[in-house]
Amino acid sequence: MLESNRGLSTVLAVGVVVVAVLGYVLGAHSKSTPAHDRSSSHGELRPTFAASVLVESPSGWKPALPVPAVPGLTIIHPVAFAPLGNPAHAGLVTGQLQGGEPTPLPAAFVAQLAVLPETQVVSLSQTEAFRYSGVSLPGFLRSLTIFAIPNPGSNPTVLVCYADAAAAADMHTCEQIVASLRPVGQTGANDLTPDPAYASSVSSAIMTLDGLRLTLRQQMRLGATLPSVQRLATRLKDGFVAAVASLARLEAPVAAGQAHAALSRAVLGARDAYAALAAAAAARSLARYEAARARVYEAEAQVDSSLQSFALLGYHSL
Amino acid sequence: MPQLMRALRVEEPWEGTRGARVRLSPRARVLAVAVAFGVVFACFLAIGRASSNSSAAATEAPPGISVVNSSAAIPRALVIAPPLDTGPDTRGAAAISPPSAPAPTSTRSVRAQAPVAPTAAVPAPAPVRRVVPTSPVPPKPAATPAPVAGGTPSPASTTPHGGSGSGSTKPAGAGGGGGAPSSRGGGSFDSSG
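Remember, predicted model here, so these are calculated numbers, not experimental data. Sequence positions are assigned chain by chain, starting from 1 and proceeding in written order. In the order they appear in the text, chains get letters beginning with A and ligands get numbers beginning with 1. Local features in this predicted model are restricted to residues whose pLDDT is 70 or higher, and side-chain atom pairs enter the listing and the counts only when it is 80 or higher, whereas totals over whole chains, interfaces and linings include all residues. Hydrogens and water are ignored here; the side-chain numbers use all heavy atoms of the structure.

## Some points on the overall build of chain B
Right, so step 1: For chain B, the count of helices and strands is two helices and four strands.
Right, so step 2: Labels follow the DSSP assignment, with helices taken as runs of H or I lasting at least four residues and strands as runs of E lasting at least two, numbered in each case from the N terminus. Ordering the α and β elements of chain B from the N terminus gives α-β-β-α-β-β.
Right, so step 3: Every one of the 193 residues in chain B was classed for burial, and the buried ones make up 31%.
Right, so step 4: Every residue pair with non-hydrogen atoms within 4.5 Å of one another is taken to be in contact. Residue pairs at least 24 apart in sequence account for 62% of intrachain contacts in chain B once pairs closer than 6 positions are excluded. A 1.4 Å probe rolled over the protein chains alone gives each residue an accessible area, and that area as a share of the maximum for its type sets the label: buried under 20%, exposed over 50%, partly exposed in between.

This is how it looks when you write it as structure tokens:
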């Protein structure tokens, strides 16, 4: 009798554990189910054509007017969706961005950000995209996550998810809508992954240049006589020439093509600026020297800006 | 109530015994176990949902979006370099010729504030001093923060004006050398050729 009770207790204990584990797993799984299965709270998913993409949105998300504006982000042919069609607290804005920039995000938009957003290359249902999270816009008191899909030969497609702090669940739903995205009339992007070999080569060129630049700039500061400035500036110019040559030998990935070109242009600009500085020192003209000095600063800032572009293409910082 | 009593087989306490003894029928036992299992299941289901929800950080990609990992890294900026001087010394060379539109001042002494590149940060303000005889101050390009001009209007003056920091070591020696640093204090330039 005693053994019988003990056996029954063991079975019950095992049963409780099994049920507990089952409950936990199911609970955790229900939160990580893909968008297709997560629409119960908003109704059935339905395909919706917006701009140049097709997305599956819950029936609770409806087209919203007016389309909310994101400060500094000019979206061409914008379309908005929001819970119950009310864009006041959360929503999705999609459309296209003006192309021709080193990164999908416009430089003017990036310039107003206090910090660069966290950039990830993500894989959606039928295309890859850049995902910019933690976007902090002055005066825009909402969570903001931007998805950008470069389109070779065309404008990038953009999808902006935003939500108030109290509408975090809607942000989640918005991103799941984005996950269902299918490009229409476009090939999409499937090669956005940063190339480590390319990154290594660029880094090598820049670090070589930087080593020389730091040394010569220190010498230029400590011994800033006219002849020394002329000589050191000329050597710096040669350093930038070598960097340009190194960059020219590289074949940039498609996604980084514009950024690579911008970096090459910036380095060329710095080369010219140091050449001008050397020439000003040779001419012993203070006015020319001052102008060349300002030009050097501008050119180097441009190089910095070009390097920063790679961060928005998913390249990590060294 | 009698039916429930029958199902649970609750026996009336015997005289002198403490409390009631509840003896469950097999059916009731199964029912109780099932209810207990259901409660445990519901509790852990809720725990699973809660823990899954809280673990999803704001920057994480949601389900349905997979992140492509890459180790590719590129510097985000050039390293911070010492600022360029506001005007090269004239040692070993003829003086810098003045701009075409001369200003009233014939001597310029520039004080401590290091010029700052438009975007690149520059290290701590360094004492930068230049004396450029017969050289009026030309208007600075708008994009470059101009050092503040000021100081003693003496052509011979080579006294640095304030400041400290990385640029406090001053060059010595003449000619257009590489600018070997001098350990001499004061930060002035030799005027010898």
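Back to the write-up after that little detour.
## What about the nonpolar core?
Right, so step 1: The set of buried Ala, Val, Leu, Ile, Met, Phe, Trp, Tyr and Cys residues whose side-chain atoms join them within 4.5 Å is what this entry labels a nonpolar core. In terms of nonpolar packing, the biggest core is built from 94 residues, with Ile146 and Leu277 of chain A touching the most fellow members.
Right, so step 2: Here this core takes twelve residues from helix H6 (residues 257-283) of chain A, the largest share from any one element.
Right, so step 3: Not counting the four nearest positions on each side in its chain, Leu277 of chain A is found in contact with Met220, Val229, Ala233, Tyr289, Ala292, Arg293 and Val296 of chain A together with Leu84 of chain B.

## Let's talk about the confidence of the model for chain B
Detailed reading of predicted coordinates is not advised where the pLDDT is low.
Residue and element names in this part refer to chain B.
Right, so step 1: As a per-residue measure, pLDDT tells how confident the predictor is, with possible values from 0 to 100. In this model, chain B carries an average pLDDT of 52, and 26% of its residues clear a pLDDT of 70 or more.
Right, so step 2: For chain B, the element scoring lowest by mean pLDDT is strand E1 (residues 10-11), at 48; strand E4 (residues 73-74) scores highest, at 96.
Right, so step 3: Residue range residues 91-193 is modelled with pLDDT below 50. Its contacts to residues more than four positions away, or to other chains, number 221 contacts.
Right, so step 4: Both confidence scores are given for the complex: pTM 0.62, ipTM 0.79.

## So, the environment of Leu116 of chain A
Right, so step 1: Within the element layout of this structure, Leu116 of chain A appears in the loop between helix H2 (107-111) and strand E6 (118-123).
Right, so step 2: If we ignore the near neighbours within four places in the chain, the residues touching Leu116 of chain A are Val110, Gln308, Ala311 and Leu312 of chain A together with Arg76 of chain B.

## Quick word on the pattern of salt bridges
All names here are of chain A.
Right, so step 1: The term salt bridge refers to a pairing of a side-chain nitrogen on Lys or Arg with a carboxyl oxygen on Asp or Glu at a separation within 4 Å. Going through the model one piece at a time under the given rule, you end up with nine salt bridges over all chains.
Right, so step 2: Residue Asp164 pairs with Arg142 through a salt bridge whose shortest N-O separation is 3.3 Å. One end of the pair, Asp164, is in the loop between strand E9 (157-163) and helix H3 (168-179); the other, Arg142, is in the loop between strand E7 (128-133) and strand E8 (143-149), with 22 residues separating them in the sequence.
Right, so step 3: A residue is classified by how much of its surface remains accessible, and Arg142, at 25% relative accessible area, is partly exposed.
Right, so step 4: Through salt bridges with shared partners, one network takes in Asp210, Arg213, Arg217 and Glu300.

## Topic: the state of the cysteines
Residues and elements named next belong to chain A.
Right, so step 1: We call a pair of cysteine sulfur atoms a disulfide whenever their separation is within 2.5 Å. The final tally for this structure, using the stated rule, is one disulfide over all chains.
Right, so step 2: Note on cysteine connectivity: Cys161 is disulfide-linked to Cys174, with sulfurs 2.0 Å apart. When the S-S torsion is -85°, as for the bridge of Cys161 with Cys174, the disulfide is left-handed. Separated by 13 residues along the polypeptide, Cys161 in strand E9 and Cys174 in helix H3 bring together distant segments of the chain.
Right, so step 3: Judged by relative accessible area, Cys161 falls into the buried class, the value being 0%.

## Examining the packing of aromatic side chains
All names here are of chain A.
Right, so step 1: Side-chain rings of Phe, Tyr and Trp (the six-membered ring for Trp) are treated as a pair once their centres are within 6.5 Å; stacked means planes under 30 degrees apart, edge-to-face means over 60, and tilted covers the remaining angles. Applying the stated rule across the entire model yields five aromatic pairs over all chains.
Right, so step 2: Geometrically, the ring pair formed by Tyr198 and Phe310 is tilted, given 6.2 Å between the ring centres and 45° between the ring planes. Separated by 112 residues along the polypeptide, Tyr198 in helix H4 (residues 196-222) and Phe310 in helix H7 (residues 286-311) bring together distant segments of the chain.
Right, so step 3: Looking at Phe310, the relative accessible area reads 0%, which means it is buried.
Right, so step 4: With a centroid separation of 6.3 Å and 65° between ring planes, the pair formed by Tyr198 and Tyr315 is classed as edge-to-face. You can see Tyr198 sitting in helix H4 and its partner Tyr315 sitting in the loop between H7 and strand E11 (316-317), a full 117 residues away along the chain. Per residue, the accessibility class of Tyr198 equals that of Tyr315, and both read buried.
Right, so step 5: Ring pairing ties together the aromatic residues Tyr198, Phe310 and Tyr315, which thus form one cluster.

## Description of the confidence of the model for chain A
All names here are of chain A.
Right, so step 1: Summary statistics for chain A give a mean pLDDT of 87 and a share of 91% for residues scoring 70 or more.
Right, so step 2: The secondary structure element of chain A with the lowest average pLDDT is strand E1 (residues 45-50), at 71, and the one with the highest is H6, at 96.
Right, so step 3: Within the model, the stretch residues 31-41 combines pLDDT values under 50 with 17 contacts to residues more than four positions away or in other chains.

## Side note on the sheet that holds E9 of chain A
Right, so step 1: Pairing is antiparallel across the open sheet formed by eight strands, whose spatial order is E3(A)-E4(A)-E5(A)-E9(A)-E8(A)-E7(A)-E6(A)-E3(B). One side of each edge strand has no neighbouring strand; the edge strands of this open sheet are strand E3 (61-63) of chain A together with strand E3 (66-68) of chain B. Ignoring strand direction, the axes of neighbouring strands in this sheet form an average angle of 30°.
Right, so step 2: In the sheet, strand E4 (residues 76-83) of chain A pairs with strand E5 (residues 90-96) of chain A via four bridges, with the strands oriented antiparallel. Among the inter-strand pairings, Val79 of chain A is bridged to a residue of E5 of chain A, identified as Thr94 of chain A. Only when DSSP finds a minimum of two bridges between them are two strands counted as paired. Orientation is described by lines fitted to C-alpha atoms, with helices fitted over the stretch in contact, and by angles between N-to-C directions that extend from 0 to 180 degrees.

## Concerning the pairing of E9 of chain A
Residue and element names in this part refer to chain A.
Right, so step 1: Of all seven residues in E9, seven are buried, a share of seventy percent or more.
Right, so step 2: Taking every second residue as pointing to the same face, both faces of E9 are buried, with Thr157, Leu159, Cys161 and Ala163 on one and Val158, Val160 and Tyr162 on the other.
Right, so step 3: In this sheet, E9 lies alongside E5 in antiparallel orientation, the contact comprising seven bridges. Of the residues in E9, the one forming a bridge with Gly95 is Val158.

## Some points on the side chain of Glu300 of chain A
Right, so step 1: You can see Glu300 of chain A is positioned in helix H7.
Right, so step 2: Overall, the relative accessible area of 3% leaves Glu300 of chain A in the buried class.
Right, so step 3: Of note is the side chain of Glu300 of chain A, whose polar atom sits 2.8 Å from the side chain of Arg213 of chain A.
Right, so step 4: With near-sequence residues (within four places) excluded, Glu300 of chain A lies in contact with Arg213, Arg217, Phe240 and Tyr274 of chain A together with Leu78 of chain B. The definition of a polar contact used here is a pair of N or O atoms within 3.5 Å, where within protein one atom must be able to donate a hydrogen and the other to accept one, and adjacent residues in sequence count solely through side-chain atom pairs.

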